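# Summary of structural features
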Amino acid sequence: MRVCALVLTCNRPDMLETCLEHLRDQSRAPDGVLVVDNGSTQETADVLAGHAGVDVLRLPTNIGGAGGYARGLRAGLERGYDWIWLLDDDAFPEPECLEALLAGIERAPRQPDLVTSLVRWRDSRIHPMNRPWLRVNRRVEFAESAAAGLVLVRVATSVSTMVRREALLEHGFHPEHYRIWIDDFEWTGRILRDGVGYLVPESVTLHNTEHARDTVTDARGRFYYKVRNHLWLLRAGRAFGGLERLDYAYALLRATRRYIGESADRREALLTVARGLRDGLRPEPR
Amino acid sequence: MTAIARVTIGAPGRPGAEPGGEPLETVSASSLGQLREAAAGASAPLLWILDAGAVPEPDALQALLEAGARPAASLPLDASGAPVERLIGRYADGDTERLLAAAQRRQVPLRHTHVVSLLVDRAAVLELAPPDPERYRGYAGSEWTARLLARHPGVLVPASKVRGPDPPKPALAAALRMMRTPTWGRGETLRELRRVLPG
């Protein structure tokens, strides 16, 4: 089983250095490391020059996380890997992280299309941005997975998630036009709508963000992308159907209410939501 | 004194698998409503409550004992050996850390379950008001285990398997009565309805 670690980076050379060190220290080393450099400056190139054997896909401009991952996955497929393991540059996998993911695949009751790690923040809580969406409503499959020490998931984020080649060939990649946020939900949601994904609890990755924020509490005005992409996914995405789609619509309402309620500048928050609604109701630029 | 009493619900106790050949004290109750009386009549500190229509696999009790957690429920199977989703009940999905930790022990935390095969402390049964099959019909076990598990967090042990019985027929009025009890939190009703309604 040939595994490619796919690392997405953009102008965070120190983080990238640490991430690559964690990959080097894996108890089961990946068979290849591919770094997608999303339009970084020279400093990132200098870090990469110090890591012989790391494959680099350099993009001339920053096309967002969605685009960077999509290009990287395509490149990984072209290089013939069986599994591609996605990591942000601020994701630091523990030494047994990959070995545990592979062990999870071996003991899985059904052939997984995707396996994912438990992602924690610095204080060891589950990172709110990477909280797993567990598929508890499939009670029989969930019990089967627990019997194997695995947890059935419905979607996963792009932090320490490993996807099978065949799933990529069938379902494709992240939607590039989402740019950031929700793109991984759309993509893994599609894969797992009829597919199988597990979280492997012993596989742990530290997501070393400055704050333990999620898409609602992130204070950088990015909620625009949340609203817009969430609407696109609801309107035309193939990730969810039926009651799941209703649940997901309700989730947007709750998130929006929380975002506005918790924002220090209500007017700015309302404008952000309004912009997201406006663009989310327009046709997707495919 | 035997450590475990087998409490058969709905019919006299039947011979069956016993842990390490140790004889089990056997007690029976005509219905779930008589469960507390049956528990009071037992002397063992642990009760293995079995539906009369349930046939445990040989290592079912051993797996429940090894789980360590109590209450511990078996995975219900149909006659062909496939798990029966409607008898499992609902998982306690509000605490992700607990779900992940339980998976590492090969278990799933339960919010409630039908009483098919359940290992529980006798004291826990005695401290609760008994199930009420007249009011909650086929959901009496779910209503009772919801109260039980709210006080004593328990798990499903997939390695412990029992065959049968048939799941209860959906009874909307009884299900709604169950969901209006104080054990059910706000926001749970819709999820419960989706679980109990057919199709």
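Residues numbered from 1 in each chain as written. Chains lettered and ligands numbered in written order. Predicted model: local features only at pLDDT ≥ 70, side-chain atom pairs only at ≥ 80, totals over all residues. Heavy atoms only, no water.

## Let's talk about the overall build of chain A
- Scanning chain A for helices and strands turns up ten helices and ten strands.
- On the principal axes, the C-alpha backbone points of chain A span a range of 50 × 50 × 40 Å.
- For chain A, contacts bridging at least 24 residues in sequence account for 77% of all contacts bridging at least 6.
- Entry remark: accessible area of chain A is about 12000 Å², with carbon and sulfur atoms responsible for 49%.
- For chain A, the distance from the average site of its 40 positive side-chain charges to the average site of its 40 negative ones is 8 Å. (Helix = DSSP H or I, 4+ residues; strand = E, 2+ residues; numbered from the N terminus. Contact = heavy atoms within 4.5 Å. Areas by Shrake-Rupley, 256 points an atom, 1.4 Å probe, with all protein chains shown as cover. Lys, Arg positive; Asp, Glu negative; His and termini not counted. Charge placed at Lys NZ, Arg CZ, Asp CG, Glu CD.)

## So, the packing of helix 9 (residues 242–262) of chain A against helix 10 (residues 266–280) of chain A
Residue and element names in this part refer to chain A.
- The contact between helix 9 and helix 10 brings their axes to 8 Å, and the two run at 155°. In this view, helix 9 runs roughly antiparallel relative to helix 10, as classed from their interaxial angle. Contact with helix 9, carried on its side by Thr256, Tyr259, Ile260 and Gly261, involves Arg266, Ala269, Leu270, Thr272 and Val273 of helix 10 and no other residues of that element.
- Considered class by class, the residues forming the contact of helix 9 with helix 10 number five nonpolar, three polar and one charged. (Axes fitted to C-alpha atoms, helices over the stretch in contact; angles between N-to-C directions. Parallel < 35°, antiparallel > 145°, perpendicular 65-115°, else oblique. Nonpolar A, V, L, I, M, F, W, Y, C, P; charged D, E, K, R; others polar.)

## Here's the deal with the pattern of salt bridges
All names here are of chain A.
- Considering all chains together, one arrives at 25 salt bridges over all chains under this definition.
- Ionic pairing is found between Glu144 and Arg110, a salt bridge with its closest N-O pair at 2.9 Å. Remark: Arg110 occurs in the loop between helix 4 (97–107) and strand 6 (114–120) and Glu144 occurs in helix 5 (residues 139–147); sequence separation between them is 34 residues.
- Residue Arg164 pairs with Asp113 through a salt bridge whose shortest N-O separation is 3.0 Å. (Salt bridge = Lys/Arg side-chain N within 4 Å of Asp/Glu carboxyl O.)

## Observations regarding the interface of chain A and chain B
- Counting residues at the interface gives 26 residues for chain A and 21 residues for chain B.
- For the pair chain A and chain B, the summed buried surface comes to about 1900 Å²; carbon and sulfur atoms form 66% of the total.
- Linking chain A with chain B are two salt bridges, by the criterion used here.
- Here Glu85(B) and Arg139(A) are joined by a salt bridge, their closest N and O atoms 3.9 Å apart.
- Where the side of chain A that touches chain B is concerned, the elements lending two or more residues are strand 6, helix 5, strand 10 (197–207) and helix 9 of chain A.
- The element best represented in the side of chain A that touches chain B is helix 5 of chain A, accounting for six residues. (Buried area = accessible area lost by both parts, 1.4 Å probe.)

## A few points about helix 3 (residues 64–78) of chain A
Residue and element names in this part refer to chain A.
- Taking 1.5 Å of rise per residue, 15 residues should cover 21 Å, and helix 3 covers 21 Å from first to last C-alpha, within 8% of that figure.
- In terms of burial, helix 3 is a largely internal element, twelve of the 15 residues being buried.
- Looking at helix 3, one finds that the buried residues are Gly64, Gly65, Ala66, Gly67, Gly68, Tyr69, Ala70, Gly72, Leu73, Ala75, Gly76 and Leu77.
- Those residues of helix 3 that are buried lie in contact with strand 1 (3–9), strand 2 (32–38), strand 3 (55–59), strand 4 (83–88), helix 6 (165–171) and helix 7 (183–193).
- Among the residues trailing helix 3, Gly80 stands out with phi positive, at a value near 85°. (Expected span 1.5 Å × (residues − 1). Buried < 20%, exposed > 50% of the residue type's maximum accessible area, 1.4 Å probe, protein only.)

## Points about the domain arrangement of chain A
All names here are of chain A.
- Partitioning chain A into domains gives domain 1 (3–207) and domain 2 (220–280).
- Counting residues at the interface gives 15 residues for domain 1 and 16 residues for domain 2.
- Per-residue buried area on domain 1 facing domain 2 is highest for Tyr178, Trp181 and Ile182; these three make up 36% of the total on that side.
- At the boundary of domain 1 with domain 2, the tally comes to one salt bridge. (Domains from an automatic or database assignment.)

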